[in-house]
Amino acid sequence: MSWGSELWDQYDNLATHTQKGIDFLERYGSFIRDRSAIEIEYAGKLRRLVKNYQPKKSKEDEENEFSSFQAFKCVLKEVADLAGQREVVAENLQLQVLQGISLLAKNLRDERKKSLNEGALLTQNLNSQIASLDRAKRNYEKGFREAEKSIDSYQKADADLNLSRAEVEKQRNNMNIRCGQSEDAKNEYANQLQKTNKLQQTHYETSLPEVFNRLQELDEKRTRGLKEFIKGAADVESAVAPIIARCLEGMVKAADSINEKDDSLKVIEKFQSGFQPPGDLPFEDLSKADSDTSNNSQTYTSTSGLNHLTAKGTTTQKLKKRVGIFGIFASNKNNLSTDGMKEDFSDLPPTQRRKKLAAKVHELQQKVSQEQAASEGLMKMKGVYEANSLLGDPRSVEEQLNESVNKLDKLRLELQRYQKMLDQANSQTIVQHSPQANRVIQNGQRSSRHSNGSSNHDHDDHGEDHPDHDAGSLSSSSASPESGLGTSHTSLPGSGQGSTNDQPINDEMYYEADALQPLGTCKALYPFDATSEGSIPMSEGEELLVIELDQGDGWTRVRRLCSPSGWEEGFVPTSYIESTLYA
């Protein structure tokens, strides 16, 4: 069924319908345009989301080693890929669908206008022919009435005997003229009627149906185009669906890659210090409280008597600020790597230090291999230039070769230094019994600090010294300044090493050391073995005198009575004692 045969009299309605159809097609185009904008906006927001949650690159990226962190980075990557696919959808919708809709709507609008103009022209021609027919009919009617009137006039004149023959002849001639005009009008009317009928038949059976059929084809083309565009939009979405599915599969795979056990082991590897946990707490025998009290009383009495041994006396409690227990604090303050750590990683616990040293050794080995390969390449180039001077001047390579050799020597020396530190760290035995021992780690190992003022009896009780063999250790000098005490004034006369019986004492230094008034008392919370220079041992529960507070290095200077005529001074870890200062 066609519009031309069934809707031959619905010109106006067909014109309105086709216009609405094109408007609907353009509205769908607006829908595609807005959807593309939403897709682009969605993709942009996804990308901003990924950017906002993208982990910032740190110097070490230690968190990158955890599987959960790696999985999250994979998820962010997949989300970024999803954003890219949404952009692809928007781009294809604009190129494949929206442009096609715009082009089709323009063509349909032009074809509709052309068809409607043709239909209007055909209707106008038919109306003009009908108007001509009406005029011919009116002329025929007028001529017919005049002819009848002239016939009546002639008959009356012919019957009237009073009229002359000329008058009668005149009426007869007038009758003949009017009858001729009437006949001509009749013929014209018949001719116009024939033309009108023919034109009308052609108009309603051929010409106008062709116009309506073209409008029908135009509307069907629009409908078919809309169908294809909707399918095309779906195909655009379907084209990226496999990629989106792979992105989702990647997210699932990233989630499956998370291993909580491995992450737990990595946490252990990351934070393990290598220290041993504290030992069992000893039983406190309250029956010995009286003897401890008497010792404290004796300590205070001896302290009072000590003031009379000094030439200057003790008139003030103002302390002389010590440089630091370890001289390495001052000498190595600039020996820091770019990440804020010391070059030998001595500020880290043993296990972490060994890990960093191993990584540094591996890095230096790679640099040595690279520089060695570069040096070999320069040597080969120099040999080629010496064999054929046309290729280049051998002297131009010598400077680069010398620089490479010097750099290689420096790298090898640095590698040997770190390898030595690593070997020492691996062979070192940790003898601490408390987690607080991390406070006395210096230069990456426990400093071998012994009190120069300890008595021979103390050395017998605690065994022989165990000096540190690290190249950076300061224990080789018995009077090293890092302890804050010189051998000439670490203890009072009669206290053992450093006494006046062993070596002469500089009075000025002697007075400065002995002028320190006790600031309070302290009780040992843990046992401490003095295996580092400048420190003194203590047993759990032992009470000592505090003569210098912790100045930020983790050590407190204390004093104990060794014999009725001698004292022992040294440093103990602040975290190992509980101090009670005088008011």
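Residues numbered from 1 in each chain as written. Predicted model: local features only at pLDDT ≥ 70, side-chain atom pairs only at ≥ 80, totals over all residues. Heavy atoms only, no water.

### Observations concerning the nonpolar core
Going by this rule: Within this scheme, the nonpolar core is defined by two criteria: the residues are buried Ala, Val, Leu, Ile, Met, Phe, Trp, Tyr or Cys, and they are joined through side-chain atoms within 4.5 Å. Throughout, exposure labels follow a simple rule: accessible area from a 1.4 Å probe, protein chains only, divided by the maximum for the residue type, with under 20% read as buried, over 50% as exposed, and the rest as partly exposed. Only DSSP runs of H or I with at least four residues qualify as helices, and only runs of E with at least two residues qualify as strands; both kinds are numbered from the N terminus onward.
Residues Leu25, Tyr28, Ile32, Leu93, Val97, Ile101 and Phe229 are the most contacted members of the largest nonpolar core, which totals 28 residues. With twelve residues, helix 3 (residues 67-159) is the largest single contributor of residues to this core. Ranked by size, the runner-up nonpolar core spans 14 residues in total, among them Met538, Leu544, Trp555 and Ile577.

### Focus on the side chain of Glu39
Our working definition: Here a residue-residue contact requires only that any non-hydrogen atoms of the pair lie within 4.5 Å.
Looking at where Glu39 falls in the secondary structure, it is placed in helix 2 (residues 11-53). Given the relative accessible area of 8%, Glu39 is considered buried. Among all residues touching Glu39, those that are not within four sequence positions of it are Arg86, Val89, Ala90 and Glu237.

### A closer look at the packing of helix 8 (residues 350-387) against helix 9 (residues 395-427)
Threshold: Every axis in this analysis is a line fitted to C-alpha atoms, fitted for helices over the stretch in contact. Angles between the N-to-C directions lie between 0 and 180 degrees. Roughly parallel means an angle under 35 degrees; roughly antiparallel means over 145; roughly perpendicular covers 65 to 115; every other angle is labelled oblique. A clockwise turn of the near helix away from the far one marks a right-handed crossing, whereas an anticlockwise turn of less than a right angle marks a left-handed crossing. Polar here means any residue other than Ala, Val, Leu, Ile, Met, Phe, Trp, Tyr, Cys and Pro, which are nonpolar, and Asp, Glu, Lys and Arg, which are charged; Gly is therefore polar.
For the pair helix 8 and helix 9, interaxial distance at closest approach is 8 Å and the crossing angle is 160 degrees. Taken together, the axes of helix 8 and helix 9 are roughly antiparallel relative to one another. Both helix 8 and helix 9 take part in a crossing whose hand is left-handed. When the residues that make up the contact of helix 8 with helix 9 are grouped by side-chain class, the tally is 20 nonpolar, eight polar and ten charged.

### Describing the pattern of salt bridges
Counted only if it meets this: By salt bridge we mean one thing: a side-chain nitrogen of Lys or Arg within 4 Å of a carboxyl oxygen of Asp or Glu.
Under the definition given, this model contains 22 salt bridges. Between Arg214 and Glu118 there is a salt bridge whose closest N-O contact spans 2.2 Å. Of this pair, Arg214 sits in helix 4 (residues 165-256) while Glu118 sits in helix 3; the two residues are 96 residues apart in sequence, bridging distant segments of the chain. Here the salt bridges do not stand alone but share partners, grouping Arg35, Glu39, Arg86 and Glu237 into one network.

### Quick notes on the confidence of the model for the chain
Caution applies to low-pLDDT parts of the model: their predicted coordinates are not meant to be read in detail. To keep things clear, this is the line we draw: Scored between 0 and 100, pLDDT is the confidence that the predictor attaches to each residue.
Per-residue confidence for the chain gives a mean pLDDT of 75, with 74% of residues at or over 70. Here residues 296-334 scores under 50 on pLDDT; set against residues more than four positions off or in separate chains, the count is 69 contacts.

### Quick word on the side chain of Lys360
Heads up, the rule is: Neither His nor the chain ends contribute to the count of charged residues, in which Lys and Arg are positive and Asp and Glu negative.
Counting through the fold element by element, Lys360 comes out in helix 8. Although buried, Lys360 forms no salt bridge, and the nearest oppositely charged side chain, Glu363, lies 4.2 Å from it. Residues in contact with Lys360, not counting those within four places in the same chain, are Phe345, Glu414 and Tyr418.

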